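Examination of the molecular architecture
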Amino acid sequence: MDLDRALRISAAGMAAQSTRLRVVAENLANRDSTGESPGADPYRRRTVDFANRLDRAIGVETVGVARVGTARGEFPTRYDPGHPAADENGYVKTPNVDSLVEVMDMREAQRSYSANLSVLETTRAMITRAIEALR
Amino acid sequence: MASSPTLNPLALAERRLHWLDRRQSVLAQNIANADTPGYRPHDLTPFRRELEGASRIALARTQATHAAGSAASRTNARAERAVGEVTPDGNAVSLDREAMRVAETDTAHAVAMAIHRSFMGMFRTTLGR
């Protein structure tokens, strides 16, 4: 039944957005995770890739997380000679996590999640209406 | 005349409901992929066009064990050519446009359901229930 498929597609969309939100939480939680030894690399920001792929169980294309990767780019540095991860010049590498970018990502995930949820509700209303025709 | 499938109100309502079911599934797919890089929104061929092509050739089922050809009903969801804005990652889904279509599908579903129900009511009246 196609409405049943629609429900599953929306659920897959919500699951993908939840994964994204989890990664945002991970990034924000590790905003200050520096390395442990002198000159060591700190936490690297993680990214989520979405892909449209075929779900063989239900025979339709749904969305899923293709992979959780890491963001390339330079680490910002901070002058803090007393820090255990400071290099010989006294600079500490800090994670390449930008709070503003993360917050924006979080907002977008939230928006897409509620879009999927409202499709789910509409689909449910359609199914309920079809069931009522049996009475 | 009454035997023509397109003129029988019940059969027509059923076709419409079937089309709307499929469309809802396509729209759900579009919204689920609202953040997928390179994804283009899909839509079904309009219902009117589908009715015109009602007599298209289906796969023959010469034995009861043959699976019904689902290819015909699956393939007519195609990527739209006229899209609005495209994000830098190549995604062309516009959530408000999709939301509008979902609302449209929901309303049309209610209408088709009401037609179906009132015709069934006539049968019930005839049966004296």
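Residues numbered from 1 in each chain as written. Chains lettered and ligands numbered in written order. Predicted model: local features only at pLDDT ≥ 70, side-chain atom pairs only at ≥ 80, totals over all residues. Heavy atoms only, no water.

Remarks on the packing of helix H1 (residues 2-29) of chain A against helix H2 (residues 99-132) of chain A
Residues and elements named next belong to chain A. Axis separation between H1 and H2 bottoms out at 9 Å; the angle between their running directions is 160 degrees. One way to sum up the angle between H1 and H2 is to call them roughly antiparallel. Helix-helix and strand crossings are classified by hand; for H1 and H2 the assignment is left-handed. (Axes fitted to C-alpha atoms, helices over the stretch in contact; angles between N-to-C directions. Helix = DSSP H or I, 4+ residues; strand = E, 2+ residues; numbered from the N terminus. Parallel < 35°, antiparallel > 145°, perpendicular 65-115°, else oblique. Left-handed = near helix turned anticlockwise from the far one by under 90°.)

Notes on the environment of A:Ser114
Residue and element names in this part refer to chain A. One can find Ser 114 in helix H2. Its relative accessible area of 40% is what places Ser 114 among the partly exposed residues. It is 17 Å that separates the C-alpha atoms of Ser 114 and Gly 64, two residues lying 50 residues apart in sequence. One polar contact links the side chain of Ser 114 to the main-chain carbonyl oxygen of Gln 110, over a distance of 2.9 Å. (Buried < 20%, exposed > 50% of the residue type's maximum accessible area, 1.4 Å probe, protein only. Polar contact = N/O pair within 3.5 Å; in protein donor to acceptor, adjacent residues only side chain to side chain.)

Some details on the interface of chain A and chain B
Counting from both sides, the interface comprises 29 residues of chain A and, opposite them, 25 residues of chain B. Summed over both partners, the interface of chain A with chain B comes to about 2300 Å²; 58% of that surface belongs to carbon and sulfur atoms. On the chain A side of the interface with chain B, the three residues burying the most area are A:Asp2, A:Met126 and A:Arg129, jointly 25% of the side's total. The interface formed by chain A and chain B holds three salt bridges in total. With a closest N to O distance of 2.9 Å, A:Arg129 and B:Asp106 form a salt bridge. Between the two partners, chain A and chain B, sit 10 residue pairs in polar contact (both at pLDDT 80 or more). Counting only elements with at least two residues in the side of chain A that touches chain B, the list comes to H1, strand E1 (46-55), strand E2 (60-70) and H2 of chain A. When grouped by side-chain class, the residues that make up the side of chain A that touches chain B number 12 nonpolar, eight polar and nine charged. (Contact = heavy atoms within 4.5 Å. Buried area = accessible area lost by both parts, 1.4 Å probe. Salt bridge = Lys/Arg side-chain N within 4 Å of Asp/Glu carboxyl O. Nonpolar A, V, L, I, M, F, W, Y, C, P; charged D, E, K, R; others polar.)

What about empty space enclosed by the protein?
All names here are of chain B. For the structure shown, the criterion picks out one cavity of 30 Å³ or more. Of the volumes computed, that of the largest cavity is approximately 40 Å³. Taken together, Pro 41, Val 83, Gly 84, Ala 92, Ser 94, Arg 97 and Glu 98 make up the lining of the largest cavity. (1 Å grid on protein atoms, 1.4 Å probe; cavity = no way out; pocket = protein on both sides within 12 Å on 5 of 7 lines; lining within 4 Å. Points joined across faces, edges and corners; volume = space filled by probe spheres on them.)

Quick notes on a nonpolar patch on the surface
On the surface, a cluster of nonpolar side chains totalling about 220 Å² of accessible area is made up of A:Leu21, A:Val103 and A:Met106. Mapped onto the fold, A:Met106 is located in helix H2. (Patch = residues over 30% accessible without salt bridge, like charges linked within 9 Å, V, L, I, M, F, W, Y side chains within 5 Å. Areas by Shrake-Rupley, 256 points an atom, 1.4 Å probe, with all protein chains shown as cover.)

What to know about the confidence of the model for chain B
Residue and element names in this part refer to chain B. Across chain B, the average pLDDT comes to 82, with 81% of residues at or above 70. Confidence drops under a pLDDT of 50 for residues 70-75, and excluding neighbours within four residues, the segment shows five contacts in the predicted structure. If you check the scores for this complex, the pTM reads 0.80 and the ipTM reads 0.81. (pLDDT = per-residue confidence, 0-100.)

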